[in-house]
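Architecture and fold: a report
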Amino acid sequence: MLSEIPRIAVDPFSEAFISDPYANHAELRDVGPVFWLEAIGAYGVARHDEVTQVLGNHDIFVSSRGLGLADFSREKPFRPPSLLLEADPPLHTRTRDLMNRIVALPVLRAIEPLWREKAKVLVDELLEQQRFDAVVDLAEEFPMRIFPDAVGLMDEGREHLLTYASIVFNAFGPRNKIFEDGMADAEEATAWVAEACKRENLKSDGWGEAVYQSADRGDCSHDEAERLVRSFLSAGVDTTVNGISNLLYAFTQFPDEWQKMDTSTSATRRAFNEGLRWRSTVQTFFRTVAEDTRIGDVDIKEGAKIITFLATANRDERRWDDPHTFDVTRNAAGHVGFGHGIHACLGQMVARMEADALLSAMREKIARIEADGPAVPRLNNTLCSMASVPVKIQKTGN
């Protein structure tokens, strides 16, 4: 019963909380396996075991009724729901299988040499500066040089991708000031995305056209194809931009870790995983309870909303030793920075390959990375995002 579980006054969507979420996470973990958040009228789970329990049980904790506070069975979503993130089986199974074929490992391996070459070019440019912004000049710049071409997007207006991804994830929270501020450029960005996802505006050799070819074969409808291309644009940018931004921020806070990472894929991937655990790109996601259920000793009724604190689970002392330390030698397998279960991030293989290419190129020529001024967060209801991370670098051999 509700009266038997802890009630917490913390508002996870307040500016104070989002500006420094990690200052509040211990309270969420320590209060109990499940709790009630007064400010948003929802249950919450913040420990690793309970977060993976909810995310892994997609039949009871469903996604099709919305990954935010809104319940799509009772109110109209602000845009057509995602056929991936906001869908349950069997629809999710069909669309996920289709998209997995388009970005399958052989497809990514074929394009990997080009991405690695472009990473080296960007790193050489940054070496000439020695001081740069790890967000604007690196984490945003690199994906924008490769991802739009891979999808086959039209050349004009690609800068709207960054705005659009932020808008989508902002909408998973309440319609607060953070949401309203983030909607300032929404109309232009969403209009561009709507045009960019149409078949006639996609290039013939990209992943977007491949989705439409799947529709031609009857794997989905052409209307679904357009929405699936849109899913590329919301999921394919933020995972990489914020993942790399947060990782570079981690290196500024623990600069000695840079030397512990070599250029091998195993080392760069381990470091990227640890960055996702230490400062998770996606902080929270909601689920809706589809039938009466129980978490621990708490009975939860159908229709209840439950918020999973992914970032909090990733620093759970019950799961990780010394969880607040960023350690590139750690095996961070099991983190939920890319989600968990059938809705784990579709774009994670793309993000990992981009990070591998960039980190390898950087580590080869950069001996040390340090902060060159205060980092500036970018407030978002769902994403842990940085607006600026000024860094200075020392070249290898100096």
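Structure report, in brief. Every chain is numbered on its own, with residues counted from 1 as its sequence reads. Given that the model is predicted, a residue must reach a pLDDT of at least 70 before its local features are reported, and side-chain atom pairs must reach 80 or more before they are shown or counted; all residues, however, enter totals for whole chains, interfaces and linings. Based on all heavy atoms of the structure, the side-chain values leave hydrogens and waters out of the count.

**Notes on the overall build of the chain**
Secondary structure elements follow DSSP: runs of H or I no shorter than four residues count as helices, runs of E no shorter than two count as strands, and numbering proceeds from the N terminus. Scanning the chain from terminus to terminus reveals 15 helices and 13 strands. Here the C-alpha radius of gyration of the chain, 21 Å, is about what a compact globule of 398 residues would show, namely 21 Å. Summarising its shape, the C-alpha atoms of the chain cover approximately 65 × 50 × 35 Å along the three principal directions. Within the span of the chain, comprising 398 residues, buried residues form 57% of the whole. Nonlocal contacts in the chain, meaning residues at least 24 apart in sequence, comprise 73% of its contacts between residues at least 6 apart. Of the accessible surface of the chain, which amounts to about 15900 Å², a share of 49% is contributed by carbon and sulfur atoms. Neither His nor the chain ends is counted toward charge; the positive residues are Lys and Arg and the negative residues Asp and Glu. Working definition for charges: the position is that of NZ of Lys, CZ of Arg, CG of Asp or CD of Glu. In the chain, which carries 45 positive and 62 negative side-chain charges, the distance between the mean positions of the two groups comes to 3 Å. Between the two quantities, the radius of gyration covers C-alpha atoms and the globule rule is 2.2 Å times the number of residues to the power 0.38. Relative accessible area decides the class of each residue, using a 1.4 Å probe on protein chains only: under 20% of the type maximum gives buried, over 50% gives exposed, and in between gives partly exposed. Residues count as neighbours in contact if any of their non-hydrogen atoms are within 4.5 Å of one another. Residue exposure ignores everything except the shown protein chains as possible cover, and the areas themselves are Shrake-Rupley values with a 1.4 Å probe.

**What to know about unusual backbone geometry**
Most peptide bonds are trans, and most residues other than glycine sit at a negative phi. In this structure, the amide linkage connecting P89 to the following residue, P90, adopts the cis form with an omega of 5°. As for its placement among the helices and strands, P90 is situated in the loop between strand 4 (61-62) and helix 4 (91-102). Positive phi is not limited to glycine here, since Q130 has a value of about 70°. Of note, Q130 is situated in the loop between helix 5 (105-129) and strand 5 (131-133). The exposure class of Q130 is partly exposed, given its relative accessible area of 32%. Located in the positive-phi region is D322, a residue other than glycine, with phi close to 45°.

**Comments concerning empty space enclosed by the protein**
Each cavity reported here is a set of points on a 1 Å grid over the protein atoms alone in which a 1.4 Å probe fits but cannot get out, each pocket an open set with protein on both sides within 12 Å along at least five of seven lines, and each lining residue one with an atom within 4 Å of a point. Grid points are joined across faces, edges and corners, and a volume is the space filled by probe spheres set on the points. Summed over the entire model, instances satisfying the criterion amount to three cavities of 30 Å³ or more. Estimated volume of the largest cavity: approximately 360 Å³. As for the largest cavity, its lining consists of 31 residues, and the residues nearest its centre are L85, A235, F285, H343 and C345. Broken down by secondary-structure element, the contributors of at least two residues to the lining of the largest cavity are helix 4, helix 8 (160-170), helix 12 (222-253) and strand 6 (284-289).

**Digging into the packing of aromatic side chains**
Between 30 and 60 degrees the pair is tilted, below 30 it is stacked and above 60 it is edge-to-face, where a pair is any two Phe, Tyr or Trp rings, Trp via its six-membered ring, whose centres lie within 6.5 Å. Counting across every chain of the model gives 16 aromatic pairs. Consider the rings of W207 and F232, whose centres lie 5.8 Å apart with planes at 35°: the pair is tilted. With a gap of 25 residues between them, W207 in helix 11 (residues 207-216) and F232 in helix 12 connect regions that are remote in the sequence. Of the two residues, W207 and F232, neither departs from the other in class, the shared state being buried. Each member of the aromatic cluster is reached from another via a ring pair, and the members are Y249, F251, F254, W258, W278 and F326. Note on geometry: a ring has a charge over it if NZ (lysine) or CZ (arginine) is within 6 Å of the ring centre and within 35 degrees of the ring normal. The positively charged end of R175 is found above the aromatic ring belonging to F179, 4.4 Å away from the centroid.

**Focus: a negative patch on the surface**
For patch detection, residues must exceed 30% relative accessible area and be free of salt bridges, and they are connected within 9 Å for like charges or within 5 Å for nonpolar side chains (Val, Leu, Ile, Met, Phe, Trp, Tyr). By definition, a salt bridge exists where a carboxyl oxygen of Asp or Glu is found within 4 Å of a side-chain nitrogen of Lys or Arg. Taken together, the side chains of E156, E159, D185, E187 and E188 present a region of like negative charge at the surface. Checked against the element boundaries, E187 lands in helix 10 (residues 186-196). You can call E187 exposed: its relative accessible area is 69%.

**A closer look at the sheet that holds strand 4**
Sheet strands line up and pair through hydrogen bonds in the backbone, either parallel or antiparallel. In this description, strands pair whenever DSSP reports at least two bridges between them. Strand order in the open sheet formed by six strands is 1-2-3-9-6-4, and the pairing between neighbours is mixed. Looking at strand neighbours, the two that pair on one side only are strand 1 (7-8) and strand 4, the edges of this open sheet. In the sheet, strand 6 pairs with strand 9 (residues 305-309) via five bridges, with the strands oriented antiparallel. For R287, the partnering residue across the bridge sits in strand 9 and is I306. The angle between two axes is taken between their N-to-C directions and runs from 0 to 180 degrees, where each axis is a line fitted to C-alpha atoms and a helix contributes only its stretch in contact. Set on the sheet, helix 3 (residues 48-56) makes contact with strand 3 (42-45), strand 4, strand 6 and strand 9; between it and strand 9 the angle comes to about 125°.

**A closer look at the layout of surface pockets**
Roughly 310 Å³ of volume is contained in the largest pocket. Looking at the largest pocket, it is lined by 19 residues, and the ones nearest its centre are L162, T163, S166, R378 and S385. Broken down by secondary-structure element, the contributors of at least two residues to the lining of the largest pocket are helix 8, helix 9 (177-182) and helix 12. Gly is placed with the polar residues, together with every amino acid not listed as nonpolar (Ala, Val, Leu, Ile, Met, Phe, Trp, Tyr, Cys and Pro) or charged (Asp, Glu, Lys and Arg). Taken together, the residues that form the lining of the largest pocket break down as seven nonpolar, seven polar and five charged. Here the second largest pocket is characterised by a volume of approximately 260 Å³. Surrounding the second largest pocket, 13 residues form its lining, R79, P80, Y164, A194 and R230 being those nearest its centre. Put simply, the parts of the chain that give the lining of the second largest pocket at least two residues each are helix 8, helix 10 and helix 12. Looking at the lining of the second largest pocket, its residues break down into eight nonpolar, one polar and four charged.

**Points about helix 13 (residues 265-278)**
With 14 residues, helix 13 extends 20 Å between its outermost C-alpha atoms, agreeing within 8% with the 20 Å of an ideal straight helix rising 1.5 Å per residue. Burial runs high along helix 13: 10 of the 14 residues are buried. Burial in helix 13 covers these residues: A267, T268, A271, F272, N273, E274, G275, L276, R277 and W278. As for helix 13, its buried residues are in contact with helix 12 and helix 15 (348-365). Each residue after the first adds 1.5 Å to the expected span of a helix.

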